[in-house]
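# Structural characterization, general
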Amino acid sequence: MLIRELEPQDNAAIERIIRACLIEFGGNRAGLAWEDDSLSRLADYYRPEGRGYWVVEQDGLVIGGCGIASFADSDEVCELQKMYLLPHARGTGAAASLLDTALTFARKHYKQCYLETLSNMHAANRFYAKHGFAQLDAPLAGSEHFACDAWYIKRL
């Protein structure tokens, strides 16, 4: 497996992966990444300073990815965004490698990392807790994904 920065030619593949995962967990609805304007052009969205998106490639195919961007235009808090892997890539260590890559980048720009997810994504919730994210009782002010019902933060 190879982890690398997202390139424009990856946009369609990662959008398909994100949408498939959202459908799998009932996230194909308002208030979630499903409706994000940037979903079809993630390479452009993650190009500015302080943002990044990485994909996992296996046998020449993109099988997942995750991003970092400022949360609510904060200089101190970033958000782990759009972390999704195809089912066959889960449990392989790819997610941990992606997270490590993203947090290494985040530490250069921010002091804390926030994330939002769905409580029915049980493995993801366990994964975030295992990797030092503390669960919050409510979203941080400025959240755009009102349908998320699980929130975490980690000091970097």
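Residues numbered from 1 in each chain as written. Predicted model: local features only at pLDDT ≥ 70, side-chain atom pairs only at ≥ 80, totals over all residues. Heavy atoms only, no water.

With that settled, the discussion passes to the layout of surface pockets. Size it by volume and the largest pocket reaches roughly 690 Å³. As for the largest pocket, its lining consists of 34 residues, of which Met83, Tyr84, Met121, Ala124 and Tyr128 are closest to the centre. Sorting the residues of the lining of the largest pocket by element identifies helix 1 (11-24), strand 4 (77-85), helix 3 (94-107), strand 5 (112-117) and helix 4 (122-130) as the ones contributing at least two each. The biggest single contributor to the lining of the largest pocket is strand 4, with seven residues. For the lining of the largest pocket, the per-class residue count stands at 20 nonpolar, nine polar and five charged. (1 Å grid on protein atoms, 1.4 Å probe; cavity = no way out; pocket = protein on both sides within 12 Å on 5 of 7 lines; lining within 4 Å. Points joined across faces, edges and corners; volume = space filled by probe spheres on them. Helix = DSSP H or I, 4+ residues; strand = E, 2+ residues; numbered from the N terminus. Nonpolar A, V, L, I, M, F, W, Y, C, P; charged D, E, K, R; others polar.)

We now examine the pairing of strand 7 (residues 150-155). With five of six residues buried, strand 7 lies mostly within the body of the structure. For strand 5 and strand 7, the ladder comprises six bridges, and the chain directions are antiparallel. Looking across to strand 7, one finds that Glu116 is bridged to Trp151. Strand direction decides the pairing type here: strand 6 (residues 134-136) and strand 7, joined by three bridges, are antiparallel. Within the sheet, the bridge partner assigned to Leu136 lies in strand 7 and is Trp151. (Buried < 20%, exposed > 50% of the residue type's maximum accessible area, 1.4 Å probe, protein only. Pairing = 2+ DSSP bridges.)

On to the sheet that holds strand 5. Strand order in the open sheet formed by seven strands is 1-2-3-4-5-7-6, and the pairing between neighbours is mixed. Lying at the two open borders of the sheet, with one neighbouring strand each, are strand 1 (2-5) and strand 6. Averaged over all pairs of adjacent strands, the angle between strand axes in this sheet comes to 25°, irrespective of strand direction. (Axes fitted to C-alpha atoms, helices over the stretch in contact; angles between N-to-C directions.)

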